Structure formats: structure tokens, C-alpha cells
Amino acid sequence: QLVQSGGGLVQAGGSLRLSCQASGRSFSTYDMGWFRQGPGETREFAAAITSSGSNTYYAGSVKGRFTISRDNAKNTVTLQMNSLKPEDTAVYYCAAVFIVDKDSGSNYPLDYWGQGTQVTVSS
């Protein structure tokens, strides 16, 4: 089970932090990711991190502004979002993923999702 926290309303240029708490003992064996779904849009990839935390990957739209990290001792994965833009407005989801290509970060989500957290960025 993945339980999310964080999110909310922020002005453009501001920062927010999302957290995802996993239950169970196998968290450290899973690659993890964050996805988002804007109004009227399909869900899209935002960031991913390997099970050890040694590699991170980002969508071009968030690279340089978002940082994904994890703490395997605490079973948590975090998304730090800086320099937020109105187009970052979306429901954000954490998920277990499988990274198929460690060079490109190409991945697909597994069937473990957080409940979703609303992030709204006002202009």
C-alpha cells in the first residue's frame, strides 16, 4: 500500500514536497516513480528512481526543477518540486515501476499506486 501526503496550492515560482509512504518489507526492491494527470489530460510520467536510489530519471518538462529521492530505511519516496509553474497543476501519483532501460529510464508502472494528491499552481 502506498499512502501519499503533501501537495496543495502554491503560487507560481513556489515549492511543494510530496511524500509517499509504503507499507511492507519489500519497498527497497522496487523502482519507484511519480506520475501526474492534469485536467483533461492523460496520466504522464514525471520522475523515477531505481530501487537503490542510485539513478534518477525525469521528464523533460520537470528536469532541473523536480527532485526525486527515497529513504529505504523509512519506506518513503519523495518528490521535491521547485520553481513550480501553472502547467504543473495536476493530480500526482506515486507508483511502483519497473525501469526497463537503466540508461534512458524507460519504465512502466506496476499495479501499486498511491491515492493521488492535488497540486495546484496559481499564476
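Please refer to the structure placed before this passage.
The numbers attached to residues start from 1 for each chain and follow its sequence in the written order. Selection of residues for local features in this predicted model requires a pLDDT of at least 70, selection of side-chain atom pairs for listing and counting requires 80 or more, and totals for whole chains, interfaces and linings are taken over all residues. Water and hydrogen atoms play no part in the side-chain values, which are based on all heavy atoms of the structure.

Glancing now at the pattern of salt bridges. Salt bridge, as used here, is a side-chain nitrogen of Lys or Arg placed within 4 Å of a carboxyl oxygen of Asp or Glu. Considering all chains together, one arrives at 3 salt bridges under this definition. Salt-bridge contacts for arginine 36 lead to aspartate 88; the nearest nitrogen and oxygen are separated by 2.9 Å. In this pair, arginine 36 sits in strand β4 (residues 31-37) while aspartate 88 sits in the loop between β8 (76-81) and β9 (90-99), placing the two residues 52 residues apart along the sequence. When accessible area is computed with a 1.4 Å probe and restricted to protein chains, residues below 20% of their type maximum are described as buried, those above 50% as exposed, and intermediate ones as partly exposed. Assessed through its relative accessible area of 1%, aspartate 88 is described here as buried. Put simply, arginine 65 and aspartate 88 hold a salt bridge, and the shortest N to O gap is 2.7 Å. Helix numbering and strand numbering both begin at the N terminus, where a helix is a DSSP run of H or I of at least 4 residues and a strand a DSSP run of E of at least 2.

A grouping of Phe98, Val100 and Tyr108 is seen on the molecular surface, where their side chains present a nonpolar patch of about 290 Å² in accessible area. The class of tyrosine 108 is partly exposed, set by a relative accessible area of 43%. Surface patches are drawn from residues lacking salt bridges whose relative accessible area is over 30%; two like charges belong together within 9 Å, two nonpolar side chains (Val, Leu, Ile, Met, Phe, Trp, Tyr) within 5 Å. Surface accessibility follows the Shrake-Rupley procedure with a 1.4 Å probe radius. Residue values consider only the protein chains on display as shielding.

Moving on, we get to the nonpolar core. Grouped together as the largest cluster of nonpolar side chains are 26 residues, with contacts concentrated most on Trp34, Val77, Leu79, Met81 and Tyr92. Mapped onto this core, the elements with two or more residues apiece are β3 (16-22), β4, β5 (44-49), β7 (66-71), β8, β9 and β11 (117-122). Among buried residues, the Ala, Val, Leu, Ile, Met, Phe, Trp, Tyr and Cys ones that are joined through side-chain atoms within 4.5 Å form a nonpolar core. Within the second largest apolar cluster, 6 residues are counted, among which are Ala48, Tyr57, Val97 and Ile99.

The next thing to look at is the sheet that holds β3. Spatial strand order, β1-β3-β8-β7: 4 strands in an open sheet with antiparallel pairing. Each of the sheet's edge strands pairs with one partner strand only, and the pair in question is β1 (2-6) and β7. On average, each strand axis in the sheet is inclined to that of its neighbour by 15 degrees, with strand direction left out of account. Note that β7 and β8 share 6 bridges and pair antiparallel. In the strand pairing of β8, isoleucine 68 is matched with leucine 79. For two strands to count as paired, DSSP must find a minimum of two bridges between them. Think of each axis as a best-fit line through the C-alpha atoms, taken over the contacting stretch in the case of a helix, with angles from 0 to 180 degrees between the N-to-C directions.

Defined simply, a disulfide is a covalent bond joining two cysteines at their sulfur atoms. To count as a disulfide, a pair of cysteine sulfur atoms needs to be within 2.5 Å. Tallied over the full model, the rule gives 1 disulfide. Two residues, cysteine 20 and cysteine 94, share a disulfide whose sulfurs are 2.0 Å apart. The S-S bond linking cysteine 20 to cysteine 94 shows a torsion near 55 degrees; that makes this disulfide right-handed. Residue cysteine 20 is found in strand β3, and its partner cysteine 94 is found in strand β9; the two are separated by 74 residues along the sequence. On the accessibility criterion, cysteine 94 (0% relative accessible area) is buried.

Attention shifts here to unusual backbone geometry. For asparagine 75, which is not glycine, the phi torsion reads 55 degrees and is therefore positive. Its location among the elements puts asparagine 75 in the loop between β7 and β8. Overall, the relative accessible area of 15% leaves asparagine 75 in the buried class. Notably, serine 83 is not glycine yet its phi reads approximately 50 degrees, a positive angle. The topology assignment puts serine 83 in the loop between β8 and β9. Here serine 83 falls in the partly exposed class, since its relative accessible area comes to 41%.

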